[in-house]
Amino acid sequence: MKLFCIPYAGGSEVIYYKWKRYLNSSIYLEPIELKGRGKRFNEDFYENLEEAVEDILGNIKDNILYDEYAIYGHSMGSLLAYELYYKINKENLRLPKHIFFSGYKPPSIPRKERQIYLLPDDEFIKEVIELGGTPQEVEESKEMLQLFTPILRSDFKMLDKYIYKKKKDKIKCDISVLYGKEDDITLEDLLEWKNHGDKGFKVYNFEGNHFFINTNVENITKIINTVLAN
């Protein structure tokens, strides 16, 4: 079983590295590296979310032809996972066994956030830091902020310009929804994910805010092991 993990805005594949020591040996971790960060730092950013989905599928296509797999996405990664599923389905490829939507309300519920990617650097950085999840060493380093700002701006541009289109078919695999108790996403909104699928559906909550994913590694991987390794 392969587990493809898609990062949140501004994140790279490294946010999932610590999961390796906790995942069942039958689950092979496949963190996704997006353009413009990590080992793909020199590649141009995506113009839109569709381009990102196309790129992700191109990179995992050979790995999903014959092997069972699941997808985990946090925040922006959840939206990418959602659109990736429909891209996979459209191309008549093997569908995932399970999708974990983490820290994100269904795309059918419009984003209320204003388009912060258009703000000047100082204001933009302030808004991003207020969202939480920015490592302290990044917040305190002007050089690192300058490095991360273009990545974050590109990711928020993808989110802000995304236009939801209702899908003809529902998701044909089991769905898990994960969220932090202190996040500002309501349980009512999260339960809307159920209307996007016609298989199994379960919701899990964790201590923490929107970035609970960084402080609940053992608890999250325990759930993944239970769901995928049985």
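Now for a quick tour of the structure. Computed from a predicted model, the values in this text were never measured in an experiment.

Once that is clear, we can look at the overall build of the protein. Check the secondary structure of the protein and you find seven helices and six strands. Tracing the protein from N to C terminus, the helices and strands come up as β-β-α-β-α-β-α-α-α-β-α-β-α. Taking 2.2 N^0.38 as the reference for a compact globule, 230 residues should give roughly 17 Å; the C-alpha atoms of the protein span a radius of gyration of 17 Å, in line with that estimate. The C-alpha extent of the protein, read off along each of the three principal axes, is 45 × 35 × 35 Å. Taking all 230 residues of the protein together, 52% fall into the buried category. Taking contacts inside the protein between residues at least 6 apart in sequence as the whole, the part at least 24 apart equals 79%. In the form shown here, the protein has an accessible surface area of approximately 12,000 Å², with 47% of it arising from carbon and sulfur atoms. Distance between charge centroids for the protein: 6 Å, based on 33 positive and 38 negative side chains.

With that settled, consider the layout of surface pockets. Roughly 270 Å³ of volume is contained in the second largest pocket. Taken together, 13 residues line the second largest pocket, and the ones lying closest to its centre are Glu-50, Glu-83, Lys-87, Lys-165 and Lys-167. Looking at the lining of the second largest pocket, the elements with two or more residues in it are α1 (49-64) and α2 (76-90). Of the residues that constitute the lining of the second largest pocket, the class distribution is five nonpolar, no polar and eight charged.

Below, the discussion takes up the packing of aromatic side chains. The full count for this structure, using the stated rule, is 12 aromatic pairs. Judged by centre distance (6.1 Å) and plane angle (65 degrees), the ring pair of Tyr-82 and Trp-193 falls under edge-to-face. Placement of Tyr-82 in helix α2 and of Trp-193 in the loop between α6 (187-190) and β6 (201-206) is noted, with a sequence separation of 111 residues between them. Classification of Tyr-82 as buried rests on a relative accessible area of 0%.

Below, the discussion takes up α2. With 15 residues, α2 should cover 21 Å at 1.5 Å per step; its first-to-last C-alpha distance of 21 Å lies within 8% of that length. Where burial is concerned, most of α2 is hidden: 12 out of the 15 residues are buried. Inspection of α2 places Met-76, Gly-77, Ser-78, Leu-79, Leu-80, Ala-81, Tyr-82, Glu-83, Leu-84, Tyr-85, Tyr-86 and Ile-88 among the buried residues, and these make up the whole buried set. Here the buried face of α2 lies against β1 (2-6), α1, β3 (69-74), β4 (98-102) and α5 (142-161). Phi for Asn-92, located one or two positions after α2, is positive at around 55 degrees.

Conventions adopted
Residues numbered from 1 in each chain as written. Predicted model: local features only at pLDDT ≥ 70, side-chain atom pairs only at ≥ 80, totals over all residues. Heavy atoms only, no water. Helix = DSSP H or I, 4+ residues; strand = E, 2+ residues; numbered from the N terminus. Rg over C-alpha atoms; globule rule 2.2 N^0.38 Å. Buried < 20%, exposed > 50% of the residue type's maximum accessible area, 1.4 Å probe, protein only. Contact = heavy atoms within 4.5 Å. Areas by Shrake-Rupley, 256 points an atom, 1.4 Å probe, with all protein chains shown as cover. Lys, Arg positive; Asp, Glu negative; His and termini not counted. Charge placed at Lys NZ, Arg CZ, Asp CG, Glu CD. 1 Å grid on protein atoms, 1.4 Å probe; cavity = no way out; pocket = protein on both sides within 12 Å on 5 of 7 lines; lining within 4 Å. Points joined across faces, edges and corners; volume = space filled by probe spheres on them. Nonpolar A, V, L, I, M, F, W, Y, C, P; charged D, E, K, R; others polar. Phe/Tyr/Trp six-rings, centres within 6.5 Å; stacked < 30°, edge-to-face > 60°. Expected span 1.5 Å × (residues − 1).

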